[in-house]
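Here is how the chains run, residue by residue.
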Amino acid sequence: MSDIYSKISKSPTGQEYKIPSKDELEQEYDTIKNSAYDFVKNKKNRKVVIVQGLGFVGSAMATVVADAKDENKEPLYFVIGVDLPTPYAYWKIGMINDGLCPVVSEDEKLRNKTYNLVKNQKNLIATASERVYGIGDVIIVDVQLDVKNKIFTGVKDIEISIEGFKKAIETIGKYMKEDALVLVETTVPPGTCKKIVKPILSKIRKERDINKPVRIAHSYERVMPGKNYFDSIKNFWRTYAGIDNESEEMAREFLSTIINTKNFPLFCLKDTTASELAKVLENSYRATNIALIYEWTLLCEQLGLNLFEITKSIRVRKGTHDNIKDPGFGVGGYCLPKDSFLAQWAASNLFSSDVVLNITMEAMNINHNMPKHTFELLKNSFNNDLERKKILICGISYLQDVADTRNSPTAMLTDLILDDNGIPIVHDPFVDYWIERPNITKVSDIFSAIKEVDAVVFAVPHSFYLNLDITKLISKMKHPITIIDAQNIISDDKAIELNKAGCHVKGVGKGHWNTILKQNHNK
Ligand SMILES: NC(=O)c1ccc[n+]([C@@H]2O[C@H](COP(=O)([O-])OP(=O)(O)OC[C@H]3O[C@@H](n4cnc5c(N)ncnc54)[C@H](O)[C@@H]3O)[C@@H](O)[C@H]2O)c1
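My aim in this report is to walk through the structure given alongside it, one point at a time. Keep in mind the model is a prediction, meaning the values are calculated, not measured.

Let's shift gears to the overall build of the protein. Of regular secondary structure, the protein possesses 19 helices and 18 strands. In terms of overall size, the protein behaves like a compact globule, its C-alpha atoms giving a radius of gyration of 25 Å where 523 residues would be expected to give roughly 24 Å. Across the 523 residues that make up the protein, the buried fraction comes to 53%. For the protein, contacts bridging at least 24 residues in sequence account for 72% of all contacts bridging at least 6. On the protein, roughly 24000 Å² of surface is accessible, and the fraction owed to carbon and sulfur atoms is 50%. For the protein, the separation between the mean place of its 68 positive charges and that of its 67 negative charges on side chains is 2 Å.

Shown next, in the form of structure tokens:
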């Protein structure tokens, strides 16, 4: 028996799940197959849906699909989530089968529905058995496809990790039914469905003597883990495309049953490459919009201006200017730091195009380096000497009120502080364990920690920090400290209060503090 099948997989909350052996997986497959057949038996509209990859997207998507009902409020789908039998991934399967969401979020609706679908309705189950692809009518691909280096140094230097994605598609090809629909939701380099997925599936199906054309569609996710996690799939706009008319129609029919298309009609693009490109352009637009404000941040700080007030005044121009971004700490999460590179990689590697997405690539570099500005504000406050200075960073995740720490800008800040021989300490009400930086000291009580530190950087606008009692914070300080606000967390009044207590206060995009705090100090 291979070693991999005898290991334990531990969830971030510490729950241990035993990874099943090959024999156990075979038995599990038989049980799941029987349950699926029982579910669809004698019900003409019922289908089996497989969701491949139970991460941030797939785990929520599986719940949304299992929750879909027909006009008689009967469930439409038996949903089988599949992930890998590895210590890194298997706990997601274990959690779903316990009725729990693998991704921690504020969304009670997703939590309740997942529990109910697994434990009561019993049409949602998870497994590591690959054979279940053989019973799926629709197979949804939600595996990752990453970019190796998230800084642009040249078109030829872009490397993507596509092997895992290709392997996932091969596994589907090995087992899939001849008329199943493969619906790719993974964010992929434009051209992937036609130039990578179709050739892989067609070749394997030919080896299996399946000569029918394979049905493939692409429909990208806009899911947002957070308070509206479930609704960011169910009640949100969707774009899709099929590699041929039949695939397009199958995708339309399926998506219409799981998405609230009455309020959010589907948008059909006539080419899977267009749908794939739409996703990476959408995220490149956002990334470029964020990058634009960076140089204005530097300017406004030098000119003594409050950039937050300026952007607010511009946002009144609805329709053209209301999505101007505010200054900030940096860009994180799984998607924005990588998606534009997928487009540039595809341009040269799948289409031999000589187009260089210069503005987008420059934006990626600006966003990547953005936390350095907060670091500079911090360092300047200590005359460029952070040696043995204890810095408390408030916020580890990349987004307000979520626990996702992937590509969090806080990681770069801690690294920079360490490089300068400072001592970073972190706090985050949403993150129990920082998987990417396990050796950084994490505190759970900000008011105790404040006694020991020389500076605090407010990095993520979690509600907890926005509502923080500054008077209490000041009362716990042993001496005045430096406060850096990287995300508009401290109001002017709070900044004045801190300043009056002797603290040195600086903020990203808050040039006006130079003046108002000086005036106050002189009072
Ligand atoms: N996270 C988001 O909010 C978001 C939003 C929109 C789109 N996307 C895109 O969706 C895709 C998935 O993102 P994610 O955040 O869910 O990633 P993730 O890393 O959280 O999850 C991917 C899962 O796929 C599993 N997997 C990998 N290979 C597999 C295989 N062969 N068989 C079964 N499972 C396999 C992994 O173990 C992992 O659990 C990415 O392309 C991402 O860019 C993500």
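Taken as a whole, this structure holds 28 salt bridges when the rule is applied. For Glu-74, the salt bridge goes to Arg-46, with nearest N and O atoms at 3.0 Å. With a gap of 28 residues between them, Glu-74 in the loop between α2 (58–67) and β4 (77–82) and Arg-46 in the loop between α1 (22–40) and β3 (47–52) connect regions that are remote in the sequence. On the basis of relative accessibility, which here comes to 32%, the residue Glu-74 falls in the partly exposed class. Accessibility expressed as a relative area gives 15% for Arg-46, which makes it buried. Put simply, Glu-159 and Lys-148 hold a salt bridge, and the shortest N to O gap is 3.8 Å.

A few words now on the sheet that holds strand β16 (residues 455–458). The strand order β15-β14-β13-β16-β17-β18 describes an open sheet built from six strands, whose pairing is parallel. Because the sheet does not close on itself, it has two edges, and the strands there are β15 (441–442) and β18 (504–507). Bridge count between strand β14 (residues 423–427) and β15: two bridges; the pairing is parallel. In the strand pairing of β15, Ile-425 is matched with Thr-441.

Right, let's get into the packing of helix α11 (residues 339–349) against helix α12 (residues 358–369). Two quantities define a packed helix pair, namely the angle between the axes and the distance from one axis to the other. Put simply, α11 and α12 touch, their axes get as near as 10 Å, and they point 145° apart. Helix-helix and strand crossings are classified by hand; for α11 and α12 the assignment is left-handed. Within the contact between the two elements, α11 uses Ser-340, Phe-341 and Gln-344 and α12 uses Thr-360, Met-361 and Met-364.

What follows deals with the environment of Met-176. Along the polypeptide, Met-176 turns up in the loop between α5 (163–175) and β9 (181–184). Put simply, Met-176 and Lys-390 are 214 residues apart on the chain and 56 Å apart in space, counted from C-alpha to C-alpha. Ignoring sequence-local partners within four residues, the contact set of Met-176 consists of Tyr-133, Ile-139, Val-182, Leu-201, Arg-205, Arg-208, Ile-210 and Val-214.

A word on the site of the ligand. Taken together, the neighbourhood of the ligand is formed by 26 residues, with Val-57, Asp-83, Lys-92, Thr-187 and Lys-338 sitting nearest. Take Gln-144: an N or O atom from its side chain is 3.4 Å from an oxygen atom of the ligand. Note that an oxygen atom of the ligand is positioned 2.9 Å from one of the backbone N or O atoms of Thr-187. Computed on the free molecule, the ligand has an accessible area of 820 Å², of which 93% lies beneath the protein chains in the complex. When grouped by side-chain class, the residues that make up the shell around the ligand number 13 nonpolar, six polar and seven charged.

Our focus in this paragraph is the pairing of strand β10 (residues 215–218). The alternating pattern of β10 places Arg-215 and Ala-217 on one face and Ile-216 and His-218 on the opposite face, and all of these are buried. In this structure, β9 lies alongside β10, joined through four bridges in parallel fashion. Within β10, the residue paired with Val-182 across the bridge is Ile-216. Handedness of the crossover is the feature at issue here: the chain leaves β9, passes through helix α6 (residues 192–207), returns alongside β10, and the resulting connection is right-handed. Across two bridges, β10 lies against strand β11 (residues 239–242) in antiparallel orientation. Across the sheet, Ala-217 pairs through a bridge with Gly-242, a residue of β11.

Let's shift gears to helix α13 (residues 371–381). Side chains that are three or four residues apart share a direction in an α-helix, a result of its 3.6 residues per turn. For α13, the buried fraction is high: eight of the eleven residues fall into the buried class. Inspection of α13 places Pro-371, His-373, Thr-374, Phe-375, Leu-377, Leu-378, Lys-379 and Ser-381 among the buried residues, and these make up the whole buried set. In the segment just after α13, Asn-383 is the residue with positive phi, at about 50°.

Once that is clear, we can look at the packing of α12 against α13. It is at 5 Å that the axes of α12 and α13 come closest, and there the two elements cross at 35°. Judged by residue contacts, Asn-367, His-368 and Asn-369 of α12 engage Pro-371, Lys-372 and His-373 from α13. Looking at side-chain class alone, the contact of α12 with α13 contains one nonpolar, four polar and one charged residues.

This part takes up the side chain of His-427. Along the chain, the position of His-427 falls in strand β14. With relative accessibility at 3%, the residue His-427 sits in the buried group. Polar side-chain contacts of His-427 include one of 2.6 Å to the side chain of Tyr-465. Setting aside chain neighbours within four positions, we find His-427 in contact with Leu-392, Ile-393, Cys-394, Gly-395, Ile-396, Val-443, Ser-444, Asp-445, Ile-446, Phe-464 and Tyr-465.

Take the nonpolar core next. When a protein is soluble and globular, its nonpolar side chains tend to lie buried together. Grouped together as the largest cluster of nonpolar side chains are 51 residues, with contacts concentrated most on Ile-80, Phe-165, Val-184 and Leu-201. Broken down by element, this core gets its largest block of residues, six residues, from α6. If we ignore the near neighbours within four places in the chain, the residues touching Val-184 are Val-141, Phe-165, Cys-193, Val-197, Ile-216, Ala-217, His-218 and Ser-219. By size, the runner-up hydrophobic cluster in this structure holds 44 residues, among which are Val-65, Val-223, Phe-230 and Phe-254.

Moving on to a positive patch on the surface. Together, Lys-451, Lys-472, Lys-476 and Lys-478 line one region of the surface with positive charge. Mapped onto the elements of the fold, Lys-478 is located in the loop between α17 (470–476) and β17 (482–485). Residue Lys-478 is classed as exposed on the basis of its relative accessible area, which comes to 61%.

Here the focus is the sheet that holds β11. Pairing is mixed in the open sheet, where eight strands are placed in the order β5-β4-β3-β6-β9-β10-β11-β12. Both edges of this open sheet fall to β5 (124–127) and β12 (267–268), since each of them pairs with a single strand only. Here α6 sits on the sheet and contacts β9 and β10; the angle it forms with β10, its principal contact strand, is near 150°.

Turning our eyes to something else, we now look at the side chain of Asp-67. By the secondary structure assignment, Asp-67 is in helix α2. Classification of Asp-67 as buried rests on a relative accessible area of 10%. When residues no more than four places from it in sequence are discounted, the contact partners of Asp-67 are Lys-113, Leu-117 and Phe-230.

Rules and cut-offs
Residues numbered from 1 in each chain as written. Predicted model: local features only at pLDDT ≥ 70, side-chain atom pairs only at ≥ 80, totals over all residues. Heavy atoms only, no water. Helix = DSSP H or I, 4+ residues; strand = E, 2+ residues; numbered from the N terminus. Rg over C-alpha atoms; globule rule 2.2 N^0.38 Å. Buried < 20%, exposed > 50% of the residue type's maximum accessible area, 1.4 Å probe, protein only. Contact = heavy atoms within 4.5 Å. Areas by Shrake-Rupley, 256 points an atom, 1.4 Å probe, with all protein chains shown as cover. Lys, Arg positive; Asp, Glu negative; His and termini not counted. Charge placed at Lys NZ, Arg CZ, Asp CG, Glu CD. Salt bridge = Lys/Arg side-chain N within 4 Å of Asp/Glu carboxyl O. Pairing = 2+ DSSP bridges. Axes fitted to C-alpha atoms, helices over the stretch in contact; angles between N-to-C directions. Left-handed = near helix turned anticlockwise from the far one by under 90°. Near = heavy atom within 4 Å. Polar contact = N/O pair within 3.5 Å; in protein donor to acceptor, adjacent residues only side chain to side chain. Nonpolar A, V, L, I, M, F, W, Y, C, P; charged D, E, K, R; others polar. Right-handed = clockwise from strand over helix to strand, strands pointing away. Core = buried A, V, L, I, M, F, W, Y, C linked by side-chain atoms within 4.5 Å. Patch = residues over 30% accessible without salt bridge, like charges linked within 9 Å, V, L, I, M, F, W, Y side chains within 5 Å.

Everything listed is a geometric property; what it means functionally is a separate question.
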